[in-house]
Amino acid sequence: MPLVHPFPDRFLWGAATSAHQVEGGNRANDWWRFEQRPGVIADGARSGDACAHWTRYDDDYALAQADGHNAFRLSIEWSRIEPERDHIDEAALAHYEAMLLALRARKLEPVVTLHHFTNPWWIAEAGGWENHDTIARFEKFVRLCARRFGGLVDWWCTVNEPEVLAFRAYSQGIWPPGRQDRSAALVVIAHLLEGHARAYRALHEEDRADADGDGRAVMAGMAKHHVILEPMRGWSPLDRALQHFEDAVFNRAVLRAPVTGHVALSIPGARTVDRRVMGLRDSLDYVGLNYYTRWKVAAGRSDPHVAAAGAPVNDLGWEVYPAGLEQAVLAMREFAKPVVVLENGVADKNDRLRPRALVQSLVHLKKAIDAGVPVRGYLHWSLLDNFEWSDGWRGRFGLYSVDFGDPKLPRTRTKSADLFARIARQNGIDRKELTDAGA
Ligand code: BGC
């Protein structure tokens, strides 16, 4: 019997993670320090041992392998590799090499992020991404990774969500360094984009090894967070104007930059950034898309983003809106590149909404593929419940839930993990998954 929704051949199926959220025990970055400040993380949580993935990585990869995944997204923590300026920790390099070898041994294609929100403490102390010198330091780290790991890695993600990092850390001020300076936020986005450009070129120069044998040694992109924005009151010119403006800055301007080479960012109350960046033009081999939710935009409120009235919301209050994945992927057509969904998921401790949302999201993804977008993979956020930044342990995104109250940190399989496993194994969706998920 043919599948109801077959997916393209060689489609990448897997889960996504980031180092600081799962590994545990690393004190060398800005997040570790930030977490020690009282009141900054929900319930006073600290990442601590997180999921102890640093030591248990292979057991976790075994879960993914047994579930029919063929890819896995992880990030390499700069602060572990270079805990102090110009001091390279050989043991950390060897450890990441062992992780990548373990992925290959389990037939999981590594998708490697080189910057996922955290900075080595010595970088943060020197001004983080506000400081233009950070770009060259990052490039040096990327070159090292490309040389050392290029034989094992083809899929690279240079920088994760520059705009989310900048707005949370420099505009809202809820992530380190905890500033509220919108002009600084725009500078940080511009510098991260320049860091992306340098990383993109460095990866192509240093990594000549085609690890997966598909004829390409490097597929490099960055992860862009895309949020569906709609005016709260369609009749209100103010809501419409705000929606239009936020969509232009948050969703479009940041991804246009690595296509055109031009960084053009402007928000009220901030100095505009408008510059060409050398090497930025045409610096995407694929578009990495992170999609979670839709917001209704209402002008004149202190927080203009609200979930649609009566809509299902996840544990963090974000609307569960699977159709948005299709819309987001279709919006990527403008860039004429292959797309990989690098993150998509639901914070849902009891796995109540996730099974249906997961299957529906994949049905919508398939519709976007049928409409002609070359989507190469889908990486679910996340394999495990993990440290959800300022939401601490409140945002439970795992296909496997983790009991953080138990020192053994047991992993428990969810119904979503089971559904996803079936879909990954058969490379598509069948009637049974639609029925089981109530989709
Ligand atoms: C980030 C992840 C985060 C997820 C859920 C994304 O913006 O890349 O690190 O856990 O959203 O909030």
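See the structure printed just above.
What you see is a predicted model, and the numbers here were worked out from it, not measured in a lab.

**Section: the pattern of salt bridges**
What the rule picks out here adds up to 37 salt bridges. Arg252 is the partner of Glu334 in a salt bridge, and the nearest nitrogen-oxygen pair spans 3.6 Å. Pair noted here: Glu334 is in the loop between helix H11 (323–331) and strand S11 (339–343) and Arg252 is in helix H10 (residues 237–260), with a separation of 82 residues, a long-range link. Overall, Glu334 belongs to the partly exposed group, its relative accessible area being 38%. Classification of Arg252 as partly exposed rests on a relative accessible area of 25%. When salt bridges that share partners are traced, they join Asp67, Arg413, Asp418, Arg422, Lys432, Glu433 and Asp436 into one network.

**Remarks on the site of the ligand**
Among the 13 residues in the neighbourhood of the ligand, the closest are listed as Gln21, His116, Glu161, Glu343 and Glu388. Measuring from an oxygen atom of the ligand, one finds a side-chain N or O atom of His116 at 2.9 Å. Measuring from an oxygen atom of the ligand, one finds a side-chain N or O atom of Glu343 at 2.8 Å. Protein chains shield 95% of the accessible area of the ligand, which is 310 Å² for the free molecule. Looking at the shell around the ligand residue by residue, the class counts come to 6 nonpolar, 4 polar and 3 charged.

**Comments concerning the pairing of strand S5 (residues 155–160)**
Counting buried residues in S5 gives 6 out of 6 residues, a clear majority hidden from the surface. Sheet topology note: the strand S4 (residues 109–113)/S5 ladder contains 3 bridges and is parallel. By the bridge assignment, Thr113 is partnered in S5 with Cys157. In this structure, S5 lies alongside strand S6 (residues 219–231), joined through 4 bridges in parallel fashion. Across the sheet, the residue bridging to Asn160 is Ala223, located in S6.

**Section: H10**
Roughly 45° is the biggest bend found in H10, and it falls at Arg252. Turning to H10, its buried residues number three or more, namely Asp239, Gln243, Glu246, Asp247, Val249, Phe250, Asn251, Ala253, Val254, Leu255, Ala257 and Pro258. Each element contacted by the buried residues of H10 is listed here: helix H8 (162–171), helix H9 (182–206), S6, strand S7 (262–265), strand S9 (287–297) and strand S10 (305–306). Two residues or fewer after H10 comes Gly261, characterised by a positive phi angle close to 85°.

**Re the pairing of S7**
Walk down a regular strand and you will see the side chains alternate between the two sheet faces. What you see with S7 is a clean split: Val263 and Leu265 sit on the buried side and His262 and Ala264 on the side with no burial. Inspection of the sheet shows S7 paired to strand S8 (residues 273–276) by 4 bridges, in the antiparallel sense. When the sheet's bridge partners are listed, Ala264 is paired in S8 with Asp274.

**What about unusual backbone geometry?**
Of the consecutive residues Pro176 and Pro177, the connecting peptide bond is found in the cis state with omega at 10°. In this structure, Pro177 sits in the loop between H8 and H9. Residue Trp381 is joined to Ser382 through a cis peptide bond whose omega torsion reads 10°. Looking at where Ser382 falls in the secondary structure, it is placed in the loop between strand S12 (375–381) and strand S13 (400–402). In the Ramachandran plot, Glu161 falls in the positive-phi region, its phi being about 45° despite a non-glycine side chain. Mapped onto the secondary structure, Glu161 falls in the loop between S5 and H8.

**What about the state of the cysteines?**
A full pass over the atoms with the stated rule returns 0 disulfides. Between Cys145, a cysteine without a disulfide, and Cys157, which holds the nearest cysteine sulfur, the sulfur-to-sulfur distance is 13 Å. Assessed through its relative accessible area of 0%, Cys145 is described here as buried.

**What to know about the nonpolar core**
Within the largest apolar cluster, 146 residues are counted, with the highest numbers of intra-cluster contacts made by Trp156, Leu362, Leu365 and Tyr378. In this view, Leu365 contacts Phe7, Phe11, Leu325, Val329, Val341, Val375 and Tyr378; residues no more than four positions away in its chain are not counted.

**Remarks on the packing of aromatic side chains**
All chains considered together, the criterion is met by 28 aromatic pairs. Where Trp31 meets Phe34, the ring centres are 5.5 Å apart and the plane angle is 75°; that geometry is what we call edge-to-face. Pair noted here: Trp31 and Phe34 are both in helix H2 (residues 30–35), with a separation of 3 residues, about one helical turn. The pair formed by Trp31 and Phe34 is uniform in burial state, with each residue classed as buried. An angle of 25° between the planes, with centres 4.2 Å apart, marks the rings of Trp393 and Phe404 as stacked. Pair noted here: Trp393 is in the loop between S12 and S13 and Phe404 is in the loop between S13 and strand S14 (411–413), with a separation of 11 residues, a long-range link. Every member of this aromatic cluster is reached through a ring pair, and the members are Trp31, Phe34, Phe117, Trp175, Phe387, Trp389, Trp393 and Phe404. Over the face of the ring belonging to Tyr321 we find Arg294, whose NZ or CZ atom lies 3.8 Å from the ring centre.

**Side note on the packing of helix H5 (residues 90–105) against helix H7 (residues 133–149)**
For the pair H5 and H7, the least separation of the axes is 11 Å and the interaxial angle reads 50°. Accordingly, the angle class assigned to the pair H5 and H7 is oblique. Crossing of H5 against H7: the hand is right-handed. In this structure, H5 uses Glu90, Leu93, Ala94, Tyr96, Glu97 and Leu100 to contact H7, whose residues at the interface are Leu144, Arg148 and Phe149. Partitioned by chemical class, the residues of the contact of H5 with H7 number 6 nonpolar, no polar and 3 charged.

Definitions and limits used
- Residues numbered from 1 in each chain as written.
- Predicted model: local features only at pLDDT ≥ 70, side-chain atom pairs only at ≥ 80, totals over all residues.
- Heavy atoms only, no water.
- Salt bridge = Lys/Arg side-chain N within 4 Å of Asp/Glu carboxyl O.
- Helix = DSSP H or I, 4+ residues; strand = E, 2+ residues; numbered from the N terminus.
- Buried < 20%, exposed > 50% of the residue type's maximum accessible area, 1.4 Å probe, protein only.
- Near = heavy atom within 4 Å.
- Polar contact = N/O pair within 3.5 Å; in protein donor to acceptor, adjacent residues only side chain to side chain.
- Areas by Shrake-Rupley, 256 points an atom, 1.4 Å probe, with all protein chains shown as cover.
- Nonpolar A, V, L, I, M, F, W, Y, C, P; charged D, E, K, R; others polar.
- Pairing = 2+ DSSP bridges.
- Bend = angle between axes of the 7 residues up to and from the residue.
- Contact = heavy atoms within 4.5 Å.
- Disulfide = S-S within 2.5 Å.
- Core = buried A, V, L, I, M, F, W, Y, C linked by side-chain atoms within 4.5 Å.
- Phe/Tyr/Trp six-rings, centres within 6.5 Å; stacked < 30°, edge-to-face > 60°.
- Lys NZ or Arg CZ within 6 Å of the ring centre and 35° of its normal.
- Axes fitted to C-alpha atoms, helices over the stretch in contact; angles between N-to-C directions.
- Parallel < 35°, antiparallel > 145°, perpendicular 65-115°, else oblique.
- Left-handed = near helix turned anticlockwise from the far one by under 90°.

Geometry only, nothing functional implied.
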